[in-house]
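Chain by chain, the residues run as shown.
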Number of protein chains: 2
Amino acid sequence: MTSAALGERPAEPARETIRVPLEGRAYDILVGRGVSGELGAHAAVLGARAVCLVTDEAVYALHAPAAEASLAAAGLRVERVVVPAGESSKSFTQLQTICDAMLAARLERGDLVVALGGGVVGDLAGFAAAIVLRGVRFIQVPTTLLAQVDSSVGGKTGINTARGKNLVGAFHQPALVLADTALLDTLAPRDMRAGYAEVAKYGLINDPGFFAWCEAHWADIFAGGSARDHAVAQSCLAKVAVVLRDEREEGDRALLNLGHTFGHALERAVAYDGARLIHGEGVAVGMALAFRFSVRLGLCPRADSDRVDAHLRSVGLPTLLADVPGGVGTADDLIAAMGQDKKVRAGQLTFILARGIGRSFIAPGIAREEVRAFLEDELARAPS
Amino acid sequence: MTSAALGERPAEPARETIRVPLEGRAYDILVGRGVSGELGAHAAVLGARAVCLVTDEAVYALHAPAAEASLAAAGLRVERVVVPAGESSKSFTQLQTICDAMLAARLERGDLVVALGGGVVGDLAGFAAAIVLRGVRFIQVPTTLLAQVDSSVGGKTGINTARGKNLVGAFHQPALVLADTALLDTLAPRDMRAGYAEVAKYGLINDPGFFAWCEAHWADIFAGGSARDHAVAQSCLAKVAVVLRDEREEGDRALLNLGHTFGHALERAVAYDGARLIHGEGVAVGMALAFRFSVRLGLCPRADSDRVDAHLRSVGLPTLLADVPGGVGTADDLIAAMGQDKKVRAGQLTFILARGIGRSFIAPGIAREEVRAFLEDELARAPS
């Protein structure tokens, strides 16, 4: 290429490319400010002629016009499905609506679904893409920090049922993830904090250095500087490493559930009422509980648990059961709410516990009595 | 093993075992009279503690008691879901009902779904198994000839939508198939004939020797002698060979759709009214049309097409559009009904055509005008 030709190219946004080398289904995660502007070009390169764009009502006004313009500029036919914002859209009803819309749009196997939104949209649109025509490809354009660092990576898709979250779904890897960190500029502070819980989680699982970096740079992540790009990229790398070891959650992938056994139970306890608790907040409380439970079982130094608690509180995240407005029921209620978790095997409870910051491990066969006694003590604590 | 120990064992039913060596998901198809009596023993060997048995109202009375007794005798907890008989159960509504029932039964990832029934039950229960907890294993116990030789093998599962059959689903291989040919003794003659269309199809695709054998032995297949076991085993082998070459229908697997592009359009034309046309009958007409269309295009000797027609008619299967009671609309109606077929790529029609018996091939890019002219001539033919 001549330097003249080079000179004509628009400046590429700064980005980091993370390759997910799954056999036969390898894909890239692009992280950086402005990468979603290339959506149309990428969709065209993937060979699609039509795209079904799935988004929600809240994201639609903010980001759909730019996404649709990018797709149209690349010569793609665009069909749009807009679902209500919120967890309640992860339902059989919305799944059927989206599948019907994709078929009405005469989507063919070589075409693409684009999930533009947070975790709800990604899980729902990804699941629809997994089952329409027994599988079409999809691109994730996550618009929340939670989705950028967690749900858009790894191929888990699904919906909720009356018995719990994500109990129906599929493993369906995206063809591309565009994690545009500039999209987070419009994110509500509470959603930013909730997503940050999952960022901190990667440090707590197995990377104490990253946790220390988070302690030092969290304000920059929230402000949108280069620390944000690094945090998102590092989180994606960490998740990809686990997914590659264990795509279908038969082993190590369960480490990603640090804070989630307690967290999911709390979400169920508030009946998924986002006014009281959103997912990342549940994870924050859950991680703090997992560390305190580890201390109680004699597995983890108290200093590490205190440090986890202090950091989560410093960014404004909850860490106590009493921080959840309106109460979460009894210890038995919470244990019952854990019972239908997909991690249950043969009726025993499995937790992700820790021997310290960055030293988490899978602990199967935890006795219900231990859990109940711990939760009763936690329930007796006053709000901080 | 001593001969005394051998002497104590109950006589094993005669069976053929067909291994499907898919990497990481290898499974067996057992074919023979009485093999479904071993259901419980196999489920226990697979490590399940609970089983969700899915069947339909018609099959329930005939075969569910024996299946449940076999499972209970092996110490398994059995939950049962009974759906209405018929194609209309392949719906989002029934899918949700079954998923909810599986979750209510607290099925865990190591447990099993058993699909006891014809193609509808297998497709529906298999799809539910594919998505509940993002995938639990399932055993197919097909009770119709169609299901034994076609739908229970190969891992395609799914439901219908307003826009067509099987447009939503998953590839989910069973953990075991028990093709008990004795279960076909209770099958209605019309269903036996319809299933036989798929048996003959395997000869027409690429095995002229098997087609000739079918011409000689079809009456024995219907009567339930050893020819039936051979026909089922040979059909499974043929399908497995294609599936192994192309599990996800990116190439050769499309050959299995011989007769199905026309056949599906006919099923849509009668609005899936089983009183007028059932799937195998549509396939029979579709195969006859595919051969006549091949003759018209100068691809296939007329003698081969006539032989196909004569054999299908001799077993009592329809071969003409006029054989479908109540009419099937215009040529344009039929072409429109083909339009949403999953085989469509970039708006062109793909057919499976033949250069002769046992010499079928994938013919993409067939011009709509050719199809219309052919169908108009076929519509003008009198009933035979």
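Every chain's residues receive numbers from 1 upward, in the order its sequence appears when written. Each chain is given a letter, starting from A, and each ligand a number, starting from 1, according to the order in which they appear as written. In view of the model being predicted, local features appear only for residues whose pLDDT reaches at least 70, and side-chain atom pairs are presented and counted only at 80 or more, with totals across whole chains, interfaces and linings using the full set of residues. For side-chain calculations, the full set of non-hydrogen atoms in the structure is used, while hydrogens and water are omitted.

Moving on, we get to the sheet that holds strand β2 (residues 27-32) of chain A. Residues and elements named next belong to chain A. Two strands qualify as a pair provided that DSSP identifies no fewer than 2 bridges between them. The helix count covers DSSP runs of H or I at least four residues long, the strand count covers runs of E at least two residues long, and both are numbered beginning at the N terminus. Here we have 7 strands laid out as an open sheet, ordered β1-β2-β9-β6-β5-β3-β4, and mixed in their pairing. Both edges of this open sheet fall to β1 (16-20) and β4 (77-83), since each of them pairs with a single strand only. Averaged over all pairs of adjacent strands, the angle between strand axes in this sheet comes to 15°, irrespective of strand direction. Note: strand β3 (residues 50-56) against β4, 7 bridges, orientation parallel. Residue pairing across strands places V54 opposite V81, the latter belonging to β4. In this description, contact between two residues means that some pair of their heavy atoms is separated by no more than 4.5 Å. Helix axes are fitted to C-alpha atoms over the stretch in contact, other axes to C-alpha atoms as well, and angles between N-to-C directions run from 0 to 180 degrees. Relative to β3, helix α3 (residues 57-73) is tilted by about 165°, and along the sheet it contacts β3, β4 and β5 (112-117).

On to the sheet that holds strand β6 (residues 137-142) of chain B, then. Residue and element names in this part refer to chain B. Strands sit in the order β1-β2-β9-β6-β5-β3-β4 across an open sheet of 7 strands; the sheet is mixed. Every other strand in the sheet has two partners, leaving β1 (16-20) and β4 (77-83) as the edge strands with one partner each. Neighbouring strand axes in the sheet, compared pairwise and without regard to direction, differ in orientation by 15° on average. Note that strand β3 (residues 50-56) and strand β5 (residues 112-117) share 4 bridges and pair parallel. Within the sheet, the bridge partner assigned to V51 lies in β5 and is L112. Against the sheet, helix α4 (residues 92-104) touches β3, β4 and β5, its axis set at about 165° to β4.

All names here are of chain A. An automatic or database domain assignment provides the domain bounds reported here. Taken domain by domain, chain A holds domain 1 (9-186) and domain 2 (191-379). Summarising the inter-unit geometry, the C-alpha centres of domain 1 and domain 2 are found 26 Å apart. Contacts between the two partners involve 31 residues from domain 1 and, on the opposite side, 30 residues from domain 2. Of the roughly 2,900 Å² buried between domain 1 and domain 2 on both sides combined, carbon and sulfur atoms contribute 64%. Summed over both partners, the accessible area (1.4 Å probe) lost when two parts come together is defined as the buried area.

Attention now goes to helix α11 (residues 279-296) of chain A. All names here are of chain A. The length a helix should cover is 1.5 Å for every residue beyond the first. Given a rise of 1.5 Å per residue, 18 residues ought to cover 26 Å, and the 25 Å separating the end C-alpha atoms of α11 matches this to within 8%. Three exposure classes are used, based on accessible area relative to the maximum for each residue type with a 1.4 Å probe and protein chains only: buried under 20%, partly exposed in between, and exposed over 50%. Of all 18 residues in α11, 17 are buried, a share of seventy percent or more. Once α11 finishes, G298 follows within two positions and takes phi at roughly 75°, a positive value.

Here we take up the confidence of the model for chain A. Residues and elements named next belong to chain A. Scored from 0 to 100, pLDDT records how confident the predictor is in each individual residue. The share of residues in chain A with pLDDT of 70 or more is 94%, and the mean pLDDT across the chain is 92. Of the regions scoring below 50 in pLDDT, residues 1-10 engages in 2 contacts with residues more than four places distant in sequence or in other chains. Scoring of the predicted complex yields 0.89 for pTM and 0.87 for ipTM.

With that out of the way, let us pick up the relation of the copies chain B and chain A. Superposition of the copies used a least-squares fit over C-alpha atoms from residues whose pLDDT is at least 70 in both. The two copies are related by a screw operation: chain B maps onto chain A through 180° of rotation and 0.0 Å of translation along the axis, at an RMSD of 0.0 Å. Classification of the inter-copy transformation places it as that of a two-fold axis. The rotation axis passes nearest to the C-alpha of F92 of chain B in chain B, at a distance of 3.9 Å. Comparing contact sets, 100% of the residues at the interface of chain B also lie at the interface in chain A, consistent with an isologous, same-surface contact.

Residue and element names in this part refer to chain A. If you check helix α5 (residues 119-131), its first and last C-alpha atoms are 18 Å apart, about what 13 residues at 1.5 Å a residue would give, namely 18 Å. When you tally the buried positions in α5, you get 13 out of 13 residues, the bulk of the element. Positioned one or two residues after α5, L133 has a phi angle of 55°, which is positive.

Next up on the list: the side chain of S360 of chain B. Residues and elements named next belong to chain B. Its location among the elements puts S360 in strand β11 (residues 360-366). Only 3.0 Å separates the side chain of S360 from the backbone oxygen of I205, close enough to count as a polar contact. Those residues in contact with S360 that lie beyond four places of it in its chain are L204, I205, L255, I352, L353 and A354. In protein, a polar contact means a hydrogen-donor-capable atom and an acceptor-capable atom, both N or O and within 3.5 Å, with residues adjacent in sequence counting only if both atoms are side-chain atoms; elsewhere, any N or O pair within 3.5 Å suffices.

To continue, consider unusual backbone geometry. Residues apart from glycine generally show negative phi values, whereas peptide bonds are mostly found in trans. Positive phi values are uncommon outside glycine, yet Y272 of chain A reaches one of about 55°. Along the chain, the position of Y272 of chain A falls in the loop between α10 (260-269) and α11.

Taken together, the contact between chain B and chain A spans 37 residues of the former and 37 residues of the latter. Interface of chain B and chain A: buried area, both sides summed, is about 3,400 Å²; carbon and sulfur atoms make up 52% of it. Among the residues chain B hides against chain A, the three largest losses belong to F92, R109 and R134 of chain B. Together they make up 25% of the total. Should a side-chain nitrogen of Lys or Arg be within 4 Å of a carboxyl oxygen of Asp or Glu, the pair is scored as a salt bridge. Our count for the chain B to chain A interface comes out at 0 salt bridges. Our count for the chain B to chain A interface comes out at 6 residue pairs in polar contact (both at pLDDT 80 or more). Mapped onto the side of chain B that touches chain A, the elements with two or more residues apiece are α4, α5 (119-131), β7 (156-161) and β8 (164-171) of chain B. Top element by residues in the side of chain B that touches chain A is α4 of chain B. It accounts for 7 residues.

Glancing now at the environment of I131 of chain B. Mapped onto the elements, I131 of chain B comes out in helix α5. Assessed through its relative accessible area of 1%, I131 of chain B is described here as buried. Distance from I131 of chain B to T143 of chain B, taken between C-alpha atoms, is 24 Å for residues 12 residues apart in sequence. With near-sequence residues (within four places) excluded, I131 of chain B lies in contact with F127, L167, V168 and G169 of chain A together with L95 and C99 of chain B.

Residues and elements named next belong to chain A. Across the 6 residues of strand β6 (residues 137-142), 5 count as buried, placing the element largely inside the fold. Bridge count between β5 and β6: 6 bridges; the pairing is parallel. Within the sheet, the bridge partner assigned to V113 lies in β6 and is F138. Between β5 and its parallel partner β6, the chain crosses via α5, and the hand of that crossover is right-handed. Relative to strand β9 (residues 176-180), β6 runs parallel, the two being bridged by 2 bridges. Pairing of I139 across the sheet is with L176, part of β9. For the handedness criterion, the strands are oriented away from the viewer, and a crossover whose path from the first strand over the helix to the second runs clockwise is classed as right-handed.

This part is about the packing of aromatic side chains. The rule is short: rings of Phe, Tyr and Trp, with Trp giving its six-membered ring, pair when the centres are within 6.5 Å, and they are stacked under 30 degrees, edge-to-face over 60, tilted in between. According to the stated counting rule, one finds 16 aromatic pairs over all chains in the structure shown. Relative to F222 of chain A, the ring of Y196 of chain A has its centre 5.4 Å away and its plane inclined at 55°; by these criteria the two rings are tilted. Remark: F222 of chain A occurs in helix α8 (residues 208-223) and Y196 of chain A occurs in helix α7 (residues 189-206); sequence separation between them is 26 residues. On the basis of relative accessible area, Y196 of chain A is assigned to the buried category, the value being 0%. Of the residues examined, F222 of chain A reaches a relative accessible area of 21% and is grouped as partly exposed. Ring plane angle 40° and centroid distance 5.0 Å describe the contact between F262 of chain B and F351 of chain B, whose orientation is recorded as tilted. With a gap of 89 residues between them, F262 of chain B in helix α10 (residues 260-269) and F351 of chain B in strand β10 (residues 349-354) connect regions that are remote in the sequence. The buried category is assigned to F351 of chain B, whose relative accessible area is 1%. An aromatic cluster is defined as three or more aromatic residues linked by ring pairs; in this entry it consists of F262, F293, F351 and F374 of chain A.

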